[in-house]
Amino acid sequence: MSSSDIKMKRITATGALSIGRARLRQVQVLVSAVGAGRLTITDGSGGATVLDLDFSVDLSHVADIPDLGILVTTDPFVSVATNISAATIYYA
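Residues numbered from 1 in each chain as written. Predicted model: local features only at pLDDT ≥ 70, side-chain atom pairs only at ≥ 80, totals over all residues. Heavy atoms only, no water.

A. Looking closely at the overall build of the protein chain. When helices and strands are tallied, the protein chain shows zero helices and nine strands. Listing each helix as α and each strand as β along the protein chain from the N terminus yields β-β-β-β-β-β-β-β-β. Computed over the C-alpha atoms, the radius of gyration of the protein chain is 12 Å, within 12% of the 12 Å expected from 2.2 N^0.38 for a compact globule of 92 residues. Put simply, the protein chain has 92 residues, and 38% of those count as buried. Partitioning the contacts of the protein chain with sequence separation of at least 6, the portion at a separation of at least 24 is 80%. A total accessible area of about 5100 Å² is found for the protein chain, and carbon and sulfur atoms account for 51% of it. (Helix = DSSP H or I, 4+ residues; strand = E, 2+ residues; numbered from the N terminus. Rg over C-alpha atoms; globule rule 2.2 N^0.38 Å. Buried < 20%, exposed > 50% of the residue type's maximum accessible area, 1.4 Å probe, protein only. Contact = heavy atoms within 4.5 Å. Areas by Shrake-Rupley, 256 points an atom, 1.4 Å probe, with all protein chains shown as cover.)

Okay, structure coming up:
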């Protein structure tokens, strides 16, 4: 049983998630057919990198984040979304 409600945010571009302090729990991405994908999330705009993932081309991927997830103290900011058509970020 989960200790908190899980929420989600779908993105199609870089920028702030506008969700405030959060624990990232899972990321689902759809990589375009153009080339390999990369998704980078920082703790606020210009903050420390908290998640940096590479994905193979033309597939959907799921990245589970173990234990309690990654704590982002300000607001998660997608700083890089190379060849990512869309991503859904699950958080608590």
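B. Representation of the side chain of serine 32 within the structure. With respect to the element layout, serine 32 can be found in the loop between β3 (22–31) and β4 (37–43). With a relative accessible area of 16%, serine 32 lands in the buried category. Excluding residues within four positions of it along the chain, serine 32 makes contact with Val57, Asp58, Asn83 and Ser85.

C. View of the sheet that holds strand β2 (residues 15–16). Strand order in the open sheet formed by four strands is β2-β8-β4-β5, with antiparallel pairing between adjacent strands. Pairing within the sheet leaves two strands with one partner each, and these edge strands are β2 and β5 (49–55). Relative to strand β8 (residues 76–82), β4 is paired through six bridges, and the arrangement is antiparallel. Each bridged residue has a counterpart across the sheet, and for arginine 38 the counterpart in β8 is threonine 82. (Pairing = 2+ DSSP bridges.)

D. Expanded view of the pattern of salt bridges. Evaluation of the coordinates by the stated rule reveals one salt bridge. Note that aspartate 52 and arginine 38 form a salt bridge whose closest N and O atoms lie 2.6 Å from each other. Of this pair, aspartate 52 sits in strand β5 while arginine 38 sits in strand β4, and the two are 14 residues apart along the sequence. Exposure remark for aspartate 52: the relative accessible area of 38% places this residue in the partly exposed category. (Salt bridge = Lys/Arg side-chain N within 4 Å of Asp/Glu carboxyl O.)

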